[in-house]
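Chain by chain, the residues run as shown.
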Amino acid sequence: MSRVGKMPIAVPAGVTVEIAENNLVTVKGPKGELSRQFAPEMNIQMEGSEIVITRPNDLKKNKALHGLTRALLNNMVVGVTDGFQKTLLIVGVGYRASMAGKDLNLSLGYSHPITYSAPEGITIEVPEQTKIIVKGISKEAVGQVAAEIREYRQPEPYKGKGIKYDNEVIRRKVGKTGK
């Protein structure tokens, strides 16, 4: 059995899970609603206040889908109860971020400012000029938005300037040495 796949998912109070035909799962909670179509091979069932996922056989594909299905379902349950967030830090002289309505304005040393509009269901906060917080109920969407913002100016290895994740460690390189 898959170590991840065989663990049941506890459904907290206030969260409803609907499992329709063809494994279309809808999870509703205090923060919102998420739905996703899972592989038809997996058997998803509600047992009391837990979700249990089983696989039909031990084919390599089904073993992989077992853990994946459980992880995605768990992320949906966590997302509608607590939500997800990623923190980005801006490092560099003159690099800054600000909000204009729902748009994120970035000044990253280019000749022009960069404007990023958050997709539906994602909120972006800028508590300080060098800190960006991306929040949402979908772990996948939060990670994608954070990656897109980071892509505008990735951290470089010599001075460490750029946009980095809060917990990211930048491996620094030594610069040129004179003779």
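Here the structure is a predicted model, which is why all the values come from computation and not from measurement.

Parameters and conventions
- Residue numbers restart at each chain and count upward from 1, following the sequence in its written direction.
- A pLDDT threshold of at least 70 governs which residues receive local features in this predicted model, and a stricter bar of 80 or more applies before side-chain atom pairs are shown or counted, although totals over entire chains, interfaces and linings include all residues.
- Only hydrogens and water are set aside when side-chain values are computed; all heavy atoms of the structure are taken into account.
- In this text, helices come from DSSP runs of H or I with a minimum length of four residues, and strands from runs of E with a minimum of two, each type numbered from the N-terminal end.
- Note on contacts: a residue pair qualifies if any of its non-hydrogen atoms lie within 4.5 Å across the two residues.
- Strands qualify as paired when DSSP identifies two bridges or more between them.
- To get an axis, a line is fitted to the C-alpha atoms, and for a helix only the part in contact is used. The angle between two axes follows their N-to-C directions and goes from 0 to 180 degrees.
- When accessible area is computed with a 1.4 Å probe and restricted to protein chains, residues below 20% of their type maximum are described as buried, those above 50% as exposed, and intermediate ones as partly exposed.
- What qualifies as a polar contact is a pair of N or O atoms within 3.5 Å, subject to a donor-acceptor requirement within protein and to the restriction that residues adjacent in sequence count only when both atoms come from side chains.

Our next topic: the side chain of Asn 62. Of note, Asn 62 is situated in helix α1 (residues 60–81). Apart from the residues lying within four places of it in its own chain, the contact partners of Asn 62 are Glu 41, Met 42, Arg 55, Pro 56 and Asn 57.

Below, the discussion takes up the sheet that holds strand β3 (residues 24–29). The strand order across the open sheet built from three strands is β2-β3-β4, with neighbouring strands paired in antiparallel fashion. Edge positions in the sheet fall to β2 (16–19) and β4 (32–37), since each of these pairs with one other strand and no more. Strand-to-strand twist of the sheet, defined as the mean angle between neighbouring strand axes without regard to direction, takes the value 10°. Note: β2 against β3, four bridges, orientation antiparallel. For Val 17, the partnering residue across the bridge sits in β3 and is Val 27.

Let us now look at the sheet that holds strand β9 (residues 103–107). Where strands meet in a sheet, backbone hydrogen bonds hold them as pairs that are either parallel or antiparallel. Spatial ordering of the open sheet is given by β8-β9-β10, a layout of three strands whose pairing is antiparallel. Among the strands making up the open sheet, the edge pair consists of β8 (96–100) and β10 (114–117). Taken over all neighbouring pairs, the strand axes of this sheet differ in orientation by 25° on average, direction set aside. The pairing of β8 with β9 spans five bridges and is classified as antiparallel.

All right, on to the side chain of Asn 23 then. Within the secondary structure, Asn 23 sits in the loop between β2 and β3. Classification of Asn 23 as buried rests on a relative accessible area of 9%. Side-chain polar atoms of Asn 23 contact the backbone oxygen of Ala 39, separated by 2.8 Å. Setting aside chain neighbours within four positions, we find Asn 23 in contact with Arg 36, Gln 37, Phe 38, Ala 39, Pro 40, Met 42 and Ile 44.

This part is about the environment of Gly 109. Relative to the elements of secondary structure, Gly 109 occurs in the loop between β9 and β10. With a relative accessible area of 55%, Gly 109 lands in the exposed category. C-alpha separation for the pair Gly 109 and Gly 94, spaced 15 residues apart in sequence, amounts to 7.0 Å. Discounting residues that sit within four places of it in the chain, Gly 109 has contacts with Tyr 95 and Arg 153.

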